[in-house]
Amino acid sequence: MTGSLVVVGTGPGKADLMTPATTAALAKATDLVGYGPYLDRVPVVPDQCRHASDNRVELERAKHALLLAAQGRQVVVVSGGDPGVFAMASAVFEAVESGDPAWRGLDIRVEPGVTAMLAAAAEVGAPLGGDFCAISLSDNLKAWATIERRLKAATEADFVIALYNPASKARLDQLGTAFDLLRTVKSADTPVLFVRAAGTAEATVITTTLGAADPARADMRTLVLVGASTTRLIAREGLPPWVYTPRSERGVRS
Ligand code: SAH
């Protein structure tokens, strides 16, 4: 039998935000490879082997998955959200590029998923309605100086900025440093959202401003959205405001 490798993302957490194509790939797999907590979200299939690993060993995990596929197994590599957004798909291709030339002939497929940024935006309205960018604050794989350079460029270009990996146990005040940098260009009343566990039943949203944003409110399950100059709030009686960015840079159409 010919092996295959499908890289999937389970979406932000809620079962119905996993795509049917991902569900089908998972059901057909002989082997699942991924970070333990992501594998725990996947329904158990009898006789399927699960290779759970730590979050930090991406490249080894990718090589292991390719070896299994080369042996004829139907392998699914599991990420959270979308597999191509700060996740396993790149590690798989990195392993293909530097590994056994025979791996280039393998049947490899990537299934798109709902990334945290989209789930977080949907919790509050339409903050990504204009141009936006995504930046990971994790400096495990890139220098902090690179992150600062990109934050500065994104701020000057007036993008809405989605910040992934805003906090970890190892990195205490990088989000605070990032906010300080953004404050040098953006106005203090720029909307800032902390969306935790977006797209799950436990979702919480803190709506604040860049001037008041407290970095301690973010954890590893939080996505931080920083508005553009056009991002606005619609106040609602007894309900959280809608937050959106008009598509027109000329402001709101009447
Ligand atoms: N591939 C994933 C991102 C992995 S990076 C995706 O596409 O969503 C991990 C970071 O994603 C977390 O630190 C957090 O910033 C964000 N994240 C993942 N799931 C989230 C969720 N349900 N709600 C808010 N942020 C989430």
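As shown above, the structure is provided for reference.
Residues numbered from 1 in each chain as written. Predicted model: local features only at pLDDT ≥ 70, side-chain atom pairs only at ≥ 80, totals over all residues. Heavy atoms only, no water.

Undergrad: Can you walk me through the overall build of the protein chain in this structure?
TA: A count of helices and strands for the protein chain gives seven helices and 13 strands. Taking 18 Å as the expected radius of gyration for a compact globule of 254 residues, we find that the protein chain reaches 20 Å, a close match to that expectation. Taken along its principal axes, the extent of the C-alpha atoms in the protein chain is 60 × 40 × 35 Å. Looking at the protein chain as a whole, 45% of its 254 residues are labelled buried. Long-range contacts, defined here as pairs at least 24 residues apart, represent 67% of the contacts in the protein chain between residues at least 6 apart. Split by element, the accessible area of the protein chain, about 13000 Å² in all, is 54% carbon and sulfur. In the protein chain, which carries 26 positive and 27 negative side-chain charges, the distance between the mean positions of the two groups comes to 2 Å. (Helix = DSSP H or I, 4+ residues; strand = E, 2+ residues; numbered from the N terminus. Rg over C-alpha atoms; globule rule 2.2 N^0.38 Å. Buried < 20%, exposed > 50% of the residue type's maximum accessible area, 1.4 Å probe, protein only. Contact = heavy atoms within 4.5 Å. Areas by Shrake-Rupley, 256 points an atom, 1.4 Å probe, with all protein chains shown as cover. Lys, Arg positive; Asp, Glu negative; His and termini not counted. Charge placed at Lys NZ, Arg CZ, Asp CG, Glu CD.)

Undergrad: I would appreciate a short explanation of the site of the ligand in the present structure.
TA: Residues in close proximity to the ligand total 19 residues, the closest being Asp82, Val85, Thr115, Met220 and Thr222. Asparagine 165 places a polar main-chain atom, nitrogen or oxygen, 3.1 Å from an oxygen atom of the ligand. A distance of 2.7 Å separates an oxygen atom of the ligand from a polar atom in the backbone of threonine 222. Considering the ligand on its own, with 540 Å² of exposed area, one finds that the protein chains cover 91% of that surface. (Near = heavy atom within 4 Å. Polar contact = N/O pair within 3.5 Å; in protein donor to acceptor, adjacent residues only side chain to side chain.)

Undergrad: Help me understand the sheet that holds strand S12 (residues 232-236), please; the structure alone is not making it clear to me.
TA: Through backbone hydrogen bonds, the strands of a sheet pair up, either in parallel or in antiparallel fashion. Here three strands make up an open sheet; going across it, the order is S6-S13-S12 and the pairing mixed. Looking at which strands have only one partner, the edges of the open sheet turn out to be strand S6 (125-126) and S12. Bridge count between S12 and strand S13 (residues 239-244): four bridges; the pairing is antiparallel. By the bridge assignment, isoleucine 234 is partnered in S13 with tryptophan 242. (Pairing = 2+ DSSP bridges.)

Undergrad: I keep staring at unusual backbone geometry and nothing clicks. Help me out?
TA: Both trends apply: most residues other than glycine have a negative phi, and most peptide bonds are in trans. The phi dihedral of phenylalanine 86 is positive, around 50 degrees, even though this residue is not glycine. Within the element layout of this structure, phenylalanine 86 appears in the loop between strand S4 (74-79) and helix H4 (88-98). Looking at phenylalanine 86, the relative accessible area reads 41%, which means it is partly exposed.

Undergrad: Quick question: what am I supposed to make of the pattern of salt bridges here?
TA: Side chains carrying opposite charge are able to pair once their charged atoms draw close together. The final tally for this structure, using the stated rule, is seven salt bridges. Notably, a salt bridge pairs glutamate 111 with arginine 109, separated by 3.2 Å at the nearest N-O pair. Given the relative accessible area of 38%, arginine 109 is considered partly exposed. (Salt bridge = Lys/Arg side-chain N within 4 Å of Asp/Glu carboxyl O.)

Undergrad: Sorry, what's going on with the packing of aromatic side chains here?
TA: Two measures describe an aromatic ring pair: the distance that separates the ring centres and the angle between the ring planes. Taken as a whole and judged by the stated rule, the model has three aromatic pairs. Consider the rings of tyrosine 35 and tyrosine 38, whose centres lie 5.3 Å apart with planes at 80 degrees: the pair is edge-to-face. Look at phenylalanine 86 and tyrosine 164: their rings are 5.0 Å apart centre to centre, the planes differ by 65 degrees, and that puts the pair in the edge-to-face class. Placement of the pair is phenylalanine 86 in the loop between S4 and H4 and tyrosine 164 in strand S8 (residues 160-164), with a sequence separation of 78 residues. One Lys or Arg, arginine 236, reaches over the ring of tryptophan 242 and ends 3.9 Å from the middle of that ring. (Phe/Tyr/Trp six-rings, centres within 6.5 Å; stacked < 30°, edge-to-face > 60°. Lys NZ or Arg CZ within 6 Å of the ring centre and 35° of its normal.)

Undergrad: Would you mind showing me how to read the packing of helix H6 (residues 144-156) against helix H7 (residues 174-183) here?
TA: A pair of packed helices is characterised by two quantities: the angle between their axes and the separation of those axes. In the contact formed by H6 and H7, the axes pass within 10 Å of each other and the chain directions differ by 35 degrees. For the element pair H6 and H7, the recorded crossing hand is right-handed. From H6, Trp144, Glu148, Leu151, Lys152 and Thr155 reach across to H7, where they touch Gln174, Thr177, Ala178, Leu181 and Leu182. Here the residues of the contact of H6 with H7 sort into five nonpolar, three polar and two charged. (Axes fitted to C-alpha atoms, helices over the stretch in contact; angles between N-to-C directions. Left-handed = near helix turned anticlockwise from the far one by under 90°. Nonpolar A, V, L, I, M, F, W, Y, C, P; charged D, E, K, R; others polar.)

Undergrad: What am I meant to see in the packing of helix H3 (residues 58-70) against H4 here?
TA: Running from amino to carboxyl end, H3 crosses H4 at an angle of 65 degrees, the nearest separation of the two axes being 8 Å. Taken together, the axes of H3 and H4 lie roughly perpendicular to each other. Once H3 is placed against H4, the crossing between them reads as right-handed. Contact residues: H3 offers Glu58, Leu59, Arg61, Ala62, Lys63 and Leu66, while H4 offers Met88, Ala91, Val92, Glu94, Ala95 and Val96. In the contact of H3 with H4, the residues fall into eight nonpolar, no polar and four charged. (Parallel < 35°, antiparallel > 145°, perpendicular 65-115°, else oblique.)

Undergrad: Looking at this structure, how should I read the layout of surface pockets?
TA: Unfilled space is identified by rolling a water-sized probe across the atoms. As a volume, the largest pocket reaches approximately 1600 Å³. If you go around the largest pocket, you meet 48 residues; those closest to its centre are Tyr38, Asn55, Phe86, Asn165 and Met220. If you list the elements that add at least two residues to the lining of the largest pocket, you get helix H2 (36-39), H3, S4, H4, helix H5 (116-124) and strand S11 (222-226). With four residues, the top contributor of residues to the lining of the largest pocket is H4. Of the residues contributing to the lining of the largest pocket, the split by class is 23 nonpolar, 14 polar and 11 charged. (1 Å grid on protein atoms, 1.4 Å probe; cavity = no way out; pocket = protein on both sides within 12 Å on 5 of 7 lines; lining within 4 Å. Points joined across faces, edges and corners; volume = space filled by probe spheres on them.)

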